[in-house]
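# Coordinates in review
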Amino acid sequence: MGSMLRMNRLLSSIVESCNCIIDPQLPADDLLMKYQYISDFFIALAYFSIPVELIYFVKKSAVFPYRWVLVQFGAFIVLCGATHLINLWTFNMHTRNVAIVMTTAKVLTALVSCITALLLVHIIPDLLSVKTRELFLKKKAAQLDREMGIIRTQEETGRHVRMLTHEIRSTLDRHTILKTTLVELGKMLALEECALWMPTRTGLELQLSYTLRHQNPVGLTVPIQLPVINQVFGTNRVVQISPNSPVARLRPAGKYMPGEVVAVRVPLLHLSNFQINDWPELSTKRYALMVLMLPSDSARQWHVHELELVEVVADQVAVALSHAAILEESMRARDLLMEQNVALDLARREAEMAVRARNDFLAVMNHEMRTPMHAIIALSSLLQETDLTPEQRLMVETILKSSNLLATLINDVLDLSRLEDGSLQLDIDTFNLPALFREVLSLIKPIASVKKLFVTLSLSSDLPEYVIGDEKRLMQILLNIVGNAVKFSKEGSVSISAFVAKSDSLRDPRAPEFFAVPSENHFYLRVQVKDTGIGINPQDIPNLFSKFTQSQALATTNAGGTGLGLAICKRFVNLMEGHIWVESEGLGKGSTAIFIAKLGIPGCANESKLPFMAKLTANHMQVTFQGLKVLVMDDNGVSRMVTKGLLTHLGCDVTTVGSRDECLRVITQEHKVVFMDVSMAGIDCYEVAVVIHERFGKRHGRPLIVALTGNTDRVTKENCMRVGMDGVILKPVSVDKMRSVLSELLEHGVVLESS
Amino acid sequence: MEQLQRKLAEYTTSLYNEKILDEQFIQLQQLQDESNPDFVVEVVSLFFEDSERLLNELAKALNQANVDFKKLDAHVHQMKGSSSSIGAQRVQRGCIAFRNYCDDRNVEGCLKCLQQVKNEYTLVKNKLETLFKLEKQFVDAGGSFPIV
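Residues numbered from 1 in each chain as written. Chains lettered and ligands numbered in written order. Predicted model: local features only at pLDDT ≥ 70, side-chain atom pairs only at ≥ 80, totals over all residues. Heavy atoms only, no water.

### Quick look at the overall build of chain B
To keep things clear, this is the line we draw: A run of H or I in DSSP counts as a helix once it spans at least four residues, and a run of E counts as a strand once it spans at least two, with each numbered from the N terminus. The buried label applies to any residue whose accessible area, calculated with a 1.4 Å probe on protein chains only, is under 20% of its type's maximum; exposed applies above 50%, and partly exposed to all values in between. Where accessible areas are quoted, they stem from the Shrake-Rupley method and a 1.4 Å probe; at the residue level, only the protein chains shown are allowed to cover.
Across its full length, chain B carries six helices and zero strands. Along the chain direction, N to C, the helices and strands of chain B fall in the order α-α-α-α-α-α. Per-residue burial over chain B gives 47% buried out of 148 residues. Carbon and sulfur atoms form 46% of the exposed surface of chain B, whose accessible area is close to 7,800 Å².

### Examining a nonpolar patch on the surface
All names here are of chain A. Convention followed: Here the term patch refers to residues with relative accessible area over 30% and no salt bridge, with like charges joined within 9 Å and nonpolar side chains (Val, Leu, Ile, Met, Phe, Trp, Tyr) within 5 Å. For this analysis, a salt bridge means a side-chain nitrogen from Lys or Arg found within 4 Å of a carboxyl oxygen belonging to Asp or Glu.
Taken together, the side chains of Leu31, Tyr35, Tyr37, Ile38, Phe41, Phe42 and Leu45 define a hydrophobic patch exposed on the protein surface, amounting to about 670 Å² of accessible area. Structurally, the position occupied by Phe42 is in helix H2 (residues 29–60). Residue Phe42 is classed as exposed on the basis of its relative accessible area, which comes to 51%.

### Describing the confidence of the model for chain A
Residue and element names in this part refer to chain A. Note the following rule: pLDDT expresses how confident the predictor is about each individual residue, on a scale running from 0 to 100. Whether two residues are in contact is decided by their heavy atoms, any of which lying within 4.5 Å being enough.
The share of residues in chain A with pLDDT of 70 or more is 81%, and the mean pLDDT across the chain is 78. Across residues 552–562, confidence stays below pLDDT 50; counting only partners more than four residues off in sequence or on other chains, it has 10 contacts. Between residues 605–622, whose pLDDT stays under 50, and residues either more than four places distant or in other chains, the model counts 16 contacts.

### Brief notes about the sheet that holds strand S2 (residues 205–211) of chain A
Residues and elements named next belong to chain A. We apply this condition: The criterion for strand pairing is that DSSP finds at least two bridges linking the strands in question. Interaxial angle, 0 to 180 degrees, is taken between N-to-C directions of lines fitted to C-alpha atoms, where a helix line uses only the stretch in contact.
A sheet is described by the order of its strands in space; here six strands give the open sequence S3-S2-S1-S6-S5-S4, paired in antiparallel fashion. For this open sheet the edge positions go to strand S3 (221–223) and strand S4 (239–241), each flanked by a neighbour on one side alone. Neighbour-to-neighbour, the strand axes of this sheet turn through a mean angle of 30°, independent of strand direction. As paired elements, S4 and strand S5 (residues 261–267) share three bridges and run antiparallel to each other. Bridge pairing in S5 places Ile241 opposite Val261. Packed onto the sheet, helix H7 (residues 304–384) meets S5 and strand S6 (287–293) and runs at close to 25° relative to S5.

### A word on the packing of helix H14 (residues 637–649) of chain A against helix H3 (residues 39–63) of chain B
Axis angle and axis distance: for two packed helices, these are the angle between their axes and the distance between the axes, and together they describe the pair. What counts, and what does not: Oblique is the label for any angle not under 35 degrees, not over 145, and not in the 65 to 115 range, which are roughly parallel, roughly antiparallel and roughly perpendicular in turn. The crossing is said to be left-handed when, going from far helix to near helix, the turn is anticlockwise and less than a right angle, and right-handed when the turn is clockwise. Note that Gly is not counted as nonpolar here; it falls among the polar residues with everything else outside the nonpolar set of Ala, Val, Leu, Ile, Met, Phe, Trp, Tyr, Cys and Pro and the charged set of Asp, Glu, Lys and Arg.
Viewed as axis vectors pointing N to C, H14(A) and H3(B) meet at an angle of 165°, and their least axial separation amounts to 9 Å. When the interaxial angle is binned, H14(A) and H3(B) end up roughly antiparallel. For the crossing formed where H14(A) meets H3(B), the hand is left-handed. Contacts between H14(A) and H3(B) pair Gly637(A), Val638(A), Met641(A), Val642(A) and Gly645(A) from the former with Phe39(B), Glu42(B), Val43(B), Leu46(B), Phe47(B) and Asp50(B) from the latter. Split into classes, the residues belonging to the contact of H14(A) with H3(B) amount to seven nonpolar, two polar and two charged.

Right under this line is the structure:
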């Protein structure tokens with residue numbers, strides 16, 4: 001019983017300590033009991049449902065880190081509930097078992113509660129910190145949101161800038177660029193006004209060039225030295241300026257508060273500013289000014305990103321403008337070039353026409369001059385073969401010699417181009433040197449004796465008798481110089497002296513670059529012609545050897561002549577690897593013409609030319625071409641017949657063909673020479689030469705190929721040489737010419753001359 | 001006989017003086033020898049045949065509506081070649097001028113040139129025929145060449 005009472009008291013105290021509301025002034029025990037009974041029941045119910053709810057909701061949520069705590073808490077609550085439930089049985093008399101169960105439950109509850117209380121000390125701060133973290137994260141999220149917003153705005157702006165740049169850079173027209181800039185900027189930034197001030201030509205003022213709102217701005221100008229302008233030009237950043245500054249006062253002052261104004265400089269770059277390695281140096285001092293105004297009354301402010309945008313745009317505009325400027329310049333240069341091209345083309349065509357006219361003239365005159373010359377030569381040589389008295393013979397011989405010379409001279413004069421090109425070649429041969437001088441003397445003596453001039457010739461004893469060189473041209477040089485001496489001397493004497501030049505006399509003080517190197521096979525002939533004539537002004541000496549010049553003094557004495565004489569002599573002397581010059585002490589004091597020419601000494605290297613065989617003149621040719629097999633290719637029947645007759649007359653065995661195919665079919669190794677007319681229209685005769693080369697190769701028995709042509713121009717000759725022809729002959733061919741060509745061909749395998 | 005000789009010489013000289021023939025003709029005469037006694041006559045006859053054919057071709061070509069200048073040029077080139085081979089100087093000159101007009105594609109000029117060439121050719125033909133007749137007379141009378 002006592003324990004029962006004690007247990008009751010314990011229970012009540014526990015119930016009390018369970019925070020059950022107990023009113024100590026309850027009416028009756030039964031009622032009290034009843035209320036306690038109900039309360040306990042409800043408490044138990046509540047106690048049991050809380051964990052259920054907890055478990056249910058936790059199961060629902062994905063994350064709950066404190067499962068173990070939950071279990072504990074659950075246990076605690078369940079046991080509390082159990083205690084209260086078991087309490088229901090203790091209101092009445094109850095068995096000992098119930099008391100034991102009650103006690104166990106209570107003990108367990110006490111245990112768990114204590115443990116839970118202990119654990120809560122650890123858990124609650126954690127739970128609280130979760131809350132703080134949550135708050136922190138929320139703040140962070142809000143901040144990120146804000147930043148995202150900013151980035152998005154910036155990206156939008158970036159897009160706008162790209163669009164604007166694209167617009168600006170898609171045109172190369174200055175006005176469009178600037179106009180587009182202003183319009184787009186105005187749109188993007190919602191500006192009230194946007195203006196561009198450009199420097200004037202003098203550079204002392206800024207002129208309002210473009211605005212956004214006004215289509216045609218009035219020509220407002222402000223001096224460039226304003227402090228506000230200097231401030232803006234001094235930095236490449238956007239500068240905020242006062243709306244009252246002269247550059248910002250673009251419209252009459254309104255009643256409202258003007259919006260904020262910024263200005264930025266736009267560098268005007270030139271081509272020269274673009275260094276190869278660096279970005280454009282802003283060494284230019286030329287800037288334009290861009291002014292941007294926010295709408296008045298909007299209380300808007302310039303944001304940093306907007307300012308950055310403006311800077312970027314200003315740079316882009318600068319670049320676009322410079323491109324436009326470069327383009328303008330290059331177009332101007334191109335137009336200039338086109339004009340120059342047209343002018344040059346015209347000049348070239350005129351020059352070509354002139355050259356062609358000259359060539360035509362030369363070609364015709366060539367023919368015109370040669371024809372009578374050949375007639376004279378031919379007829380004189382025929383005349384020689386008739387019966388003549390000795391005097392007549394002498395006369396005819398002189399005529400022949402003179403006309404030979406004249407023919408050579410004509411050839412040379414008319415082939416000016418050949419001389420200029422340097423394609424003229426000397427006719428090297430062995431000849432008798434003293435005889436040459438004697439001939440010159442005999443030619444000049446008649447004229448000299450008429451003028452009562454005394455002519456002397458002195459040949460040094462160490463001059464070889466036979467030499468190798470160009471006889472005709474050497475005679476020409478001599479005749480020219482001696483002729484000049486005689487021509488320009490009214491009285492007195494002309495002395496000709498020739499000797500072998502020693503090394504000290506090889507130097508002309510006026511031509512230090514002339515080096516003469518005598519060798520075993522060659523020597524240098526030095527000829528001096530001294531006269532007592534009118535002399536030459538020292539100033540005129542340098543011009544003596546230029547074409548067509550005649551000094552004043554000479555002209556007055558009616559000298560005559562083409563004026564080419566000395567020029568030609570000089571060229572010939574140069575070809576002979578020599579040097580020619582004239583010395584004179586002055587007018588009236590006579591003059592001396594000196595030249596040095598390189599001549600070969602026979603008998604050393606050239607065994608084939610024996611001295612006694614002299615020049616192989618056609619009249620003394622003994623070689624016949626009996627039975628020589630030749631092939632003639634010509635599409636012109638008459639020409640073919642003539643050439644055949646020519647060759648038959650010389651004793652050859654001639655086969656004729658009229659076409660390229662026939663030629664290639666008929667030709668064999670037995671044919672020693674092939675004469676080809678290369679002026680056959682439309683047929684590539686050069687091809688035939690190539691085929692012949694291929695067919696017969698370099699073997700010794702290859703037929704020699706000679707071209708017959710009516711053209712002596714270089715192109716034809718070059719073409720012939722290119723395909724490996726062995727010679728070129730000018731039509732029409734005389735018997736003698738053909739004879740000498742054939743003999744040269746058979747001896748040397750090649751024809752050196754071509755006329 | 002001497003008279004004949006003189007007449008022949010004078011006639012020949014006149015031909016050269018009037019530039020109807022040039023020294024190429026002399027060359028041809030040189031080629032005539034015992035092995036080739038009628039060389040000159042043969043060549044000249046061939047020339048006459050050739051030229052007459054060419055002149056006909058030229059006239060035909062120029063009569064066409066669309067003148068083929070290339071063909072024209074080819075024919076004139078041939079004629080030029082033949083005339084220069086026998087030394088018919090005036091004919092050759094005419095051919096040169098003809099070629100220039102061909103290059104310029106000037107039909108009028110070509111026609112004019114053709115007429116000129118024809119005239120020159122007829123002239124040289126007559127002269128040569130006379131020459132041959134004189135030569136034949138000379139040979140028949142017992143004379144022999146060369147005499148020029």
